[in-house]
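Residue-level listing of the chains:
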Amino acid sequence: MNEKIMVWADPAKKDISDLLKRELVQIASQLELSQSLEDLDIFSLLEKPPETKLGDFALPCFRFAKILRKKPLEIAKQLKVALEAQSCPWFERCELAGAFLNIFLNKKYFSEFTIGKVLNGKWFSQGTLSDSKNSKVMVEFSQPNTHKEFHIGHGRNVALGDSLCRILSYNGYQVTPVNYIGDEGTHVAKCLLAVEEYAGEAEEPYTQWYGQRYQESHEKSSHLEGAEKKKYHDKISFILAELESKSGKYYDMWLKSRKHCLDDFEQIYQWLDIKFDHIFFESDVSESSQKIVDEYIEKGLFSESDGAYGINMESDGLGFFMARKSDGTSLYITKDLALAKTKFQDFDIDRSIYVVGSEQKFHFKQLFKALELMGFAQAKYCHHLSYAHVTLPEGKISSRKGNTVNLRHLISLTNEEINKYLGKYEEKWEKSELDATAKKLAVAAIKYGMLSADPQKEITFDSQAWTSFDGNSGPYLLYSYSRTQSILKESAARGFLPDAASTAALEHTLEQELIRHIYDFNNNVKQACDLYKPSVVAHYLFDLCKSFNRFYAQLSVLKAESAELITARTTLVAAFAKTLCQGLNLLGMVPPARM
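Going along each chain's sequence as written, the residues are numbered from 1 onward. In keeping with the predicted nature of the model, local features appear solely for residues at pLDDT of at least 70, side-chain atom pairs appear and are counted solely at 80 or more, and the whole-chain, interface and lining totals rest on all residues. To obtain the side-chain values, all non-hydrogen atoms of the structure were used and water was disregarded.

Novice: Before we go on, may I ask you to explain the overall build of the chain in this structure?
Specialist: Helix numbering and strand numbering both begin at the N terminus, where a helix is a DSSP run of H or I of at least 4 residues and a strand a DSSP run of E of at least 2. Helix and strand counts for the chain come out as 21 helices and 16 strands. Contacts are assigned to residue pairs that have any heavy atoms within 4.5 Å of one another. Nonlocal contacts in the chain, meaning residues at least 24 apart in sequence, comprise 74% of its contacts between residues at least 6 apart.

Structure, rendered in structure tokens:
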């Protein structure tokens, strides 16, 4: 019985962002090979050869041999004959290389198709996934604590969360970015006690000032013993009781200091261009967290153990999930239960993503299991995007130890480096343009520094490397874009405008390499979405810019051999600029027109 090689049972459930691969596998799926097959995923087998002279795609036929009971070379030959018989404009020829089938593109068609789609904007709608348009995703990120410094570790969280929201949205998800601010707890009481003992008034920047008070209080308490230690902890308990009762002088102090911190957070978010659709507060879920424990005690899910209540998760290797302490107080994770219930029921979300440090992995394993046992269908679609710390050359940062780098200080250091470069334009540019450009460069330096590494890997803060204009950095990407604007401006002045029809003249290896990089945009954004890794986009953009700068260094645009080639290269520069700009947006960066 003859059976077709089937690519997939339902194309809508596979990655269809790569139109070229889709075309190829649709052709291959029509080939008659004598064997009963179920679902052979040719798509995932297609790979990019290590050298361009070996082709644009390589299809290894080893995987087919066992299933088809034929030699790989025989299968490759059969596929070659069948593919070359197809009247597909994408492909020029196939070559055999042992059991590999090397596939070469029709460069003229590929160039005109890709660049034409980029220039008319349609290329950047290809990233929409067929199964994601109606999927509602909530991404919770930032989660700073009031009364503590907003340090560079928080900066990584913010950059990751914001970029992930942008990438998910690009891929068709309905995204709700939210923040969850820790505005109550022992750290607040410690801070308020130090504020009471401080002689002066609070100073801006407030998060830094209150963070210093917290650190002083924590340091002081670590040296207390005996009666003095008990007196300190009794005072902390008294402050917490006032905050819970929402009355008394400490509650009034909390209201004032909380507003100071929230105002400071908002300034930081505005500078970084971070927006939230909703902000949750820990203080808002305290009461509902107690109610949810009562509810599930009554339902029989939460049971008593040594006076505490929770769920025995030993069989899942998660120990005892404690939802209420023996003294009757709830825990932070209990508030997460109440918050998750609010997200599911009030916001009607399908998926919930938490951007939180890797030290909380066990916390989220317990949380997601508890939500599953509590009957929430969305529990299996909860995801913890964990990330490693941002470290200093001397080691890990800590609010308690007081060795943090405040994010505002990081911004200041970054601006200093950026202004060294922009100083040469002080007499030539308006101050408003200098300031706006400096900000865009500083934001790009910080965000790229936070996003370019895999989330699971630690970052060591390096202000000089992050602000470099000729390395793997945000300013390097923005400088590449600025270079295109200079070229395009001069080209337009000479009457050369982008025209996709001219791209048949782009035959040089460096030109084709750049077009291929441009073509790969959607594939990389799709991968970043699937893996929850903005670093995939960052690496792609760096490689894209390197390809452009190789092209620019070796091939003249405005001094090309013919008017046709000047137009073609101008068109390629315009397509690169649009692609880079789209990618920068996904990382939360805005390029300046000139640098």
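Novice: Please clarify how the pairing of strand β12 (residues 351-357) should be interpreted in this entry.
Specialist: In the case of a regular strand, side chains alternate between the two sheet surfaces. Exposure is judged per residue with a 1.4 Å probe applied to protein chains only, and the accessible area is read against the type maximum: over 50% gives exposed, under 20% gives buried, and values in between give partly exposed. For β12, a buried count of six out of seven residues is recorded, marking the element as mostly surrounded by other parts of the structure. Note that strand β6 (residues 136-140) and β12 share four bridges and pair parallel. Bridge pairing links Val 137 to Arg 351 in β12. Pairing of β12 with strand β13 (residues 382-387) involves six bridges; the strand directions are parallel. Note on β13: the bridge partner recorded for Tyr 354 is His 384. The pairing criterion for strands is at least two bridges between them, as found by DSSP.

Novice: Is there a simple way to think about the packing of aromatic side chains in this case?
Specialist: The description of an aromatic ring pair uses the distance of the two centres, along with the angle that the planes make with each other. The pairing test for Phe, Tyr and Trp rings, Trp by its six-membered ring, is centres within 6.5 Å, and the orientation test on the planes gives stacked under 30 degrees, edge-to-face over 60, and tilted for anything in between. Here the structure, examined in full by the defined rule, presents 36 aromatic pairs. Pairing Tyr 251 with Trp 254 gives two aromatic rings, centres 5.6 Å apart and planes at 25°, and the pair type is stacked. Remark: Trp 254 and Tyr 251 occur in helix α10 (residues 249-272); sequence separation between them is three residues, near one turn of the helix. A residue is classified by how much of its surface remains accessible, and Tyr 251, at 15% relative accessible area, is buried. Given a relative accessible area of 8%, Trp 254 falls into the buried group. Here Tyr 296 and Phe 302 contribute two aromatic rings whose centre-to-centre distance is 5.9 Å and whose plane-to-plane angle is 45°, an arrangement assigned as tilted. Neither Tyr 296 nor Phe 302 differs from the other in exposure class; each is buried.

Novice: What is the right way to look at the layout of surface pockets in this model?
Specialist: A probe as big as a water molecule, rolled over the atoms, marks out the empty space that is left. A pocket, in this scheme, is an open set of points on a 1 Å grid over the protein atoms alone with protein on both sides within 12 Å along at least 5 of 7 lines, while a cavity is a set where a 1.4 Å probe fits but cannot get out; residues line either one if an atom lies within 4 Å of a point. Grid points are joined across faces, edges and corners, and a volume is the space filled by probe spheres set on the points. Approximately 390 Å³ is the volume attributed to the second largest pocket. Around the second largest pocket, the lining is made up of 18 residues, and of these Thr 52, Asp 56, Thr 509, Gln 512 and Glu 513 lie nearest the centre. Take the lining of the second largest pocket: its biggest share by element is five residues, from helix α18 (residues 509-519). Put simply, Ala, Val, Leu, Ile, Met, Phe, Trp, Tyr, Cys and Pro go in the nonpolar bin, Asp, Glu, Lys and Arg in the charged bin, and everything else, Gly too, in the polar bin. For the lining of the second largest pocket, the per-class residue count stands at five nonpolar, five polar and eight charged.

Novice: Mind showing me how you'd approach the environment of Lys 70 here?
Specialist: Its place among the elements puts Lys 70 in the loop between α3 (62-68) and α4 (72-84). A polar side-chain atom of Lys 70 sits 3.4 Å from a polar atom in the side chain of Gln 78. Pairing of N or O atoms within 3.5 Å defines a polar contact, subject to two protein rules: one partner must be a possible hydrogen donor and the other a possible acceptor, and residues neighboring in sequence count only if both atoms are side-chain atoms.

Novice: Sorry, what's going on with the environment of Gln 512 here?
Specialist: In this fold, Gln 512 is placed in helix α18. Put simply, Gln 512 and Thr 52 are 460 residues apart on the chain and 9.5 Å apart in space, counted from C-alpha to C-alpha. The residues contacting Gln 512, other than those within four sequence positions of it, are Lys 107, Phe 110, Ser 111, Leu 506 and Glu 507.

Novice: Would you explain the pattern of salt bridges in this entry?
Specialist: Two side chains bearing opposite charge may form a pair once their charged atoms approach each other closely. The salt bridge criterion pairs a side-chain nitrogen of Lys or Arg with a carboxyl oxygen of Asp or Glu, the two atoms within 4 Å. By the definition in use, this model includes 38 salt bridges. Put simply, Glu 201 and Lys 256 hold a salt bridge, and the shortest N to O gap is 3.8 Å. Here Glu 201, found in the loop between α7 (186-197) and α8 (206-221), pairs with Lys 256, found in helix α10; they are 55 residues apart in sequence, far enough to count as distant. Residue class for Lys 256 comes out partly exposed when judged on its relative accessible area of 48%. The shortest N-O distance in the salt bridge between Glu 372 and Lys 369 comes to 3.5 Å. Of this pair, Glu 372 and Lys 369 are both found in helix α13 (residues 361-373), three residues apart, which corresponds to roughly one turn of the helix. Connected via shared salt-bridge partners are Asp 162, Arg 166, Asp 273, Lys 275 and Lys 447.

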